[in-house]
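# Fold and geometry: a report
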Amino acid sequence: MRAISRFSSLLMPLALALSISFPAAHANQEKPPSVVASIIPVQLIASDLLDGIVEPEVLLPAGASPHQYSLKPSDARMLTNADVVIWIGPELERFLVKPLSQTSALTIKLLTEEMIHSGEEGVDEHEHEHEHEHHHHHEEGHHEEDHHDEEGDGHDHGGVDPHIWLDPHHALAIADAIHAALVQHFPHLKALLDQNLDRFTASLIQQDRALMSAFAPLSDRGFLVFHDAYGRFIEHYNLMQLGSVTINPSRKPGAKHLGELRDTVETSQAVCVFSEPQFSSAVVASIVAGTDAKVSEVDPLGQNVVLGAGAYQRFLADFAQPFYTCLAP
């Protein structure tokens, strides 16, 4: 209980920041665009930027994994009717490669080469550069044309971690990319998009500082994860992941690998093992059975977060909370 209270108190400044009200959008003569996001975390960021304009839809329902998803007829209709489709890229949503190559909608691919190789710049550095870069985006906007790869199967990320939304630094870059594309193609929405991006940036920077402070004493507390998908979050907050049950959640881990993970837990190197709501936790339970290791669940897809202003920040707090609570001594 003490751990939860301390964590919550560190996020109080965020709650105050998000309580600030902004003027409602002025009615305009042009119809707002129909926006579809591939997964919920992308929808959450888009909903913050589009607050007061339109509520974006999401393709994957709560509980679904982009690694194991196949489009339904209703999904195809949603894509056909969309003006804007926002996705991570073929490294995550292979099932979207062919449909998006055939759509007339504006497609915003978020996992760019620049983002793949970025990571040196922190959120605080982004704050210093935001004033200049944000002004440049407001004045010009940009949208890089999407070049689709051929459709493929499985969980092969090509050596790239596509879970970019778990790092606040990349979340800021995602917001900038969505903002720039929308301003370029829907200039009549520029004023409110600018305002929403400023609010999103300021509140996320504040939240990130609180989380950095909360996690600082826990950097030597080892843990295991079910799905090796949190590298960007773990590196950003300097946490100590010792291993994962699987890289590909569609494949059953081998007995030798599970034995090695069990040894890590039994020797008290890992104090916690994290499961996910999208996948069975039976394997995790077998690894910790009879040990003192704790089990906790993290949701990298934010299936229970409410849309609107502060949606991504609520997701990040919900995702971080189990790490803090489970790792705290």
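Our subject is the structure that appears above.
Now for a quick tour of the structure. All residue numbers refer to positions counted from 1 along the written sequence of the respective chain. With the structure being a predicted model, the display of local features is reserved for residues of pLDDT at least 70 and the display and counting of side-chain atom pairs for 80 or more, all residues being used for whole-chain, interface and lining totals. Water and hydrogen atoms play no part in the side-chain values, which are based on all heavy atoms of the structure.

### Observations concerning the state of the cysteines
Pairs of cysteine sulfur atoms within 2.5 Å are what we label disulfides. By the definition in use, this model includes one disulfide. Linked covalently through their sulfurs, Cys272 and Cys326 form a disulfide whose S-S length is 1.8 Å. The chirality of the disulfide connecting Cys272 with Cys326 is right-handed, given an S-S dihedral of about 90°. Here the residue Cys272 occupies a position in strand S7 (residues 272–275), and Cys326 occupies one in helix H13 (residues 311–327), the gap between them amounting to 54 residues. The pair formed by Cys272 and Cys326 is uniform in burial state, with each residue classed as buried. A run of H or I in DSSP counts as a helix once it spans at least four residues, and a run of E counts as a strand once it spans at least two, with each numbered from the N terminus. Type-normalised accessible area, obtained with a 1.4 Å probe on protein chains alone, sets the label of each residue: buried when under 20%, exposed when over 50%, and partly exposed for intermediate values.

### Focus on the packing of helix H8 (residues 168–185) against helix H9 (residues 190–215)
Fitted lines through C-alpha atoms serve as axes, helices being fitted only where they are in contact, and the angles separating the N-to-C directions of these axes extend from 0 to 180 degrees. Axis separation between H8 and H9 bottoms out at 10 Å; the angle between their running directions is 180°. On the basis of the axis angle, H8 is roughly antiparallel to H9. Across the interface between the two elements, Pro168, Ala171, Leu172, Ala175, Asp176, His179, Leu182 and Val183 from H8 touch Lys190, Leu193, Asp194, Leu197, Phe200, Thr201, Leu204, Ile205 and Asp208 from H9. Classes in brief: Ala, Val, Leu, Ile, Met, Phe, Trp, Tyr, Cys and Pro nonpolar; Asp, Glu, Lys and Arg charged; the others, Gly included, polar. Residues belonging to the contact of H8 with H9 are distributed by class as follows: eleven nonpolar, two polar and four charged. An angle counts as roughly parallel when it lies under 35 degrees, as roughly antiparallel when it exceeds 145, as roughly perpendicular when it falls between 65 and 115, and as oblique in every other case. Any pair of residues with heavy atoms lying within 4.5 Å of one another is described as a contacting pair.

### A few points about the nonpolar core
Within the largest apolar cluster, 84 residues are counted, with the highest numbers of intra-cluster contacts made by Phe215, Phe233 and Phe323. It is H13 that contributes the most residues to this core, ten residues altogether. Among residues more than four places away in sequence, those in contact with Phe323 are Phe215, Phe223, Tyr230, Phe233, Leu239, Phe274 and Val298. The nonpolar core is taken to be a set of buried Ala, Val, Leu, Ile, Met, Phe, Trp, Tyr and Cys residues, with the residues joined through side-chain atoms within 4.5 Å. Core analysis: the next-biggest nonpolar cluster, separate from the first, contains eleven residues, Leu224, Val245, Val273 and Val288 among them.

### A word on the side chain of His163
Residue placement: His163 occurs in the loop between helix H7 (123–140) and H8. Looking at His163, its side chain comes within polar contact range of the side chain of Asp161, at 2.7 Å. Residues adjacent in sequence count toward polar contacts only when both atoms are side-chain atoms; beyond that, a polar contact is any pair of N or O atoms within 3.5 Å, and within protein one must be able to donate a hydrogen and the other to accept it.

### Regarding the sheet that holds strand S4 (residues 106–109)
Strands qualify as paired when DSSP identifies two bridges or more between them. Taken in spatial order, the four strands of this open sheet run S2-S1-S3-S4, and their pairing is parallel. At either margin of the open sheet sits one strand with a lone partner, and together these are strand S2 (57–58) and S4. The pairing of strand S1 (residues 35–37) with strand S3 (residues 84–87) spans three bridges and is parallel. When the bridges of S3 are listed, Val36 appears paired with Val85. H8 contacts S3 and S4 of the sheet and is inclined by roughly 160° relative to S4.

### Some remarks on the pairing of strand S5 (residues 222–227)
Each regular strand carries side chains that alternate between the two faces of the sheet. The buried fraction of S5 is high, at six of six residues. As paired strands, S5 and strand S6 (residues 240–246) are joined by five bridges and run parallel to one another. Paired with His227 across the bridge in S6 is Thr246. Crossovers are described as right-handed under a simple rule: with the strands pointing away from the observer, the path leading from the first strand over the helix to the second runs clockwise. The β-α-β motif built from S5, the intervening helix H10 (residues 231–236) and the parallel element S6 has right-handed crossover chirality.

### Let's talk about the sheet that holds S5
Here four strands make up an open sheet; going across it, the order is S6-S5-S7-S8 and the pairing parallel. Every other strand in the sheet has two partners, leaving S6 and strand S8 (294–297) as the edge strands with one partner each. Between one strand and the next, the sheet's axes are offset by a mean angle of 25°, whatever the strand orientation. Helix-sheet contacts for helix H11 (residues 255–266) involve S5, S6 and S7, and the interaxial angle to S6 is about 150°.

### Overview of H11
Along its twelve residues, H11 runs 16 Å from first to last C-alpha, staying within 8% of the 16 Å computed at 1.5 Å per residue. Taken residue by residue, H11 has Leu261, Thr264 and Val265 as its buried positions. One side of H11 carries all its buried residues, which in axial view fall inside an arc of 100°. Exposed residues on H11 whose side chains face more than 90 degrees from its buried face are Ala255 and Lys256. Positive phi appears at Ser268, one or two residues downstream of H11, with a value of about 65°. To estimate how far a helix should extend, the number of its residues minus one is multiplied by 1.5 Å. Arc definition: directions from the helix axis to the C-beta atoms.

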